[in-house]
Amino acid sequence: NLKVIKKHLKHFNENLIEAINILDATRQDKQVELSLNVDNSLYEGGFIGDQDRSLFSLIHQAKPKELNNFLTSFSDNRLRQLLPLYKARNYPESLSQSELQSWQNYYLTKLNYGAKSSPHKLFQARLNELYEQTSSAKQIAILDELKAYLKMIHLI
């Protein structure tokens, strides 16, 4: 075995480095996937405790600028991850610059995650199909407006 390893040492080292890079990329993909699926974790990770559930009505009654006060109140880490998303989805005008940047990073990552099968790529492909299938000036104008909107929010 040692003779075989020595004979193929150069290729062994290259293959080992490639395998480590693949494992690192897979681990990073899994971490991104977990952070993007925090909403799903509510269904997969068990029930929310009574103490945390008792805060929900207070959160719904809170003013947007008060929402961050609840971050340290949760014992369930999933809710600490979800609260900023709740705030961004429901009160985008109340976000600080850093919160807005985090939200933009989150949704752009979510839209682009999955390479060719990402929601973004699938939507672009469908948009292109609609352009090819459409001859109506009115429908093309609507598609052009949609494309302009996507450019405005940096999705194209």
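Residues numbered from 1 in each chain as written. Predicted model: local features only at pLDDT ≥ 70, side-chain atom pairs only at ≥ 80, totals over all residues. Heavy atoms only, no water.

Enquirer: Kindly report on the nonpolar core, identifying the contributing residues and their values.
Expert: Ranked by size, the top nonpolar core spans 17 residues in total, and within it I59, L67, F70, F74, L83, L85 and W103 carry the most contacts. Counting residues per element, the ones that place at least two in this core are helix 6 (77-90) and helix 7 (97-112). Beyond its immediate chain neighbours, meaning those up to four positions away, F74 contacts D52, L55, F56, I59, L79, R80 and L83. (Core = buried A, V, L, I, M, F, W, Y, C linked by side-chain atoms within 4.5 Å. Buried < 20%, exposed > 50% of the residue type's maximum accessible area, 1.4 Å probe, protein only. Helix = DSSP H or I, 4+ residues; strand = E, 2+ residues; numbered from the N terminus. Contact = heavy atoms within 4.5 Å.)

Enquirer: Got a sec to walk through the packing of helix 8 (residues 119-133) against helix 9 (residues 137-152)? Specific residues and values, please.
Expert: At their nearest, the axes of helix 8 and helix 9 sit 10 Å apart, and the two run at 155° to each other. Compared by their axis directions, helix 8 and helix 9 come out roughly antiparallel. The element helix 8 and its partner helix 9 pack so that their crossing is left-handed. Contacts from F123, L127, L130 and Y131 in helix 8 reach I140, L143, D144, L146, K147 and L150 in helix 9. Here the contact of helix 8 with helix 9 is composed, by residue class, of 8 nonpolar, no polar and 2 charged. (Axes fitted to C-alpha atoms, helices over the stretch in contact; angles between N-to-C directions. Parallel < 35°, antiparallel > 145°, perpendicular 65-115°, else oblique. Left-handed = near helix turned anticlockwise from the far one by under 90°. Nonpolar A, V, L, I, M, F, W, Y, C, P; charged D, E, K, R; others polar.)

Enquirer: Give a description of helix 6 that names residues and reports values.
Expert: Given a rise of 1.5 Å per residue, 14 residues ought to cover 20 Å, and the 20 Å separating the end C-alpha atoms of helix 6 matches this to within 8%. Buried within helix 6 are the following residues: R78, L79, L82, L83, L85, Y86, K87 and A88. (Expected span 1.5 Å × (residues − 1).)

Enquirer: I'd like to hear about the pattern of salt bridges, residue by residue, with values.
Expert: Inspection of every chain in the model, using the stated rule, returns 4 salt bridges. Here D76 makes a salt bridge to R78, at a shortest N to O gap of 2.6 Å. Just as D76 is buried, R78 falls in that class too. E129 is the salt-bridge partner of R126, the closest N and O atoms lying 3.1 Å from each other. Of the two residues, R126 and E129 both sit in helix 8, 3 residues apart, roughly one turn of that helix. (Salt bridge = Lys/Arg side-chain N within 4 Å of Asp/Glu carboxyl O.)

Enquirer: Tell me about a nonpolar patch on the surface, and name the residues and values.
Expert: Taken together, the side chains of I5, L9, F12, L16 and I20 make up a nonpolar region of the molecular surface, amounting to roughly 430 Å² of accessible area. The element contributing the most residues to the nonpolar patch is helix 2 (residues 9-36), with 4 residues. By the element assignment, F12 lies in helix 2. For F12, a relative accessible area of 42% translates into the label partly exposed. (Patch = residues over 30% accessible without salt bridge, like charges linked within 9 Å, V, L, I, M, F, W, Y side chains within 5 Å. Areas by Shrake-Rupley, 256 points an atom, 1.4 Å probe, with all protein chains shown as cover.)

Enquirer: Any details on the packing of helix 6 against helix 7? Residues and values, ideally.
Expert: Taken N-terminus to C-terminus, the directions of helix 6 and helix 7 make an angle of 95°; their axes are 10 Å apart at the nearest point. In terms of orientation, helix 6 and helix 7 fall into the roughly perpendicular class. Seen from helix 6, the contacting residues are L85, K87, A88 and R89; seen from helix 7, they are E99, W103 and Y106. Residues that form the contact of helix 6 with helix 7 fall into these classes: 4 nonpolar, no polar and 3 charged.

These results come straight from atomic positions and should not be treated as a statement about function.
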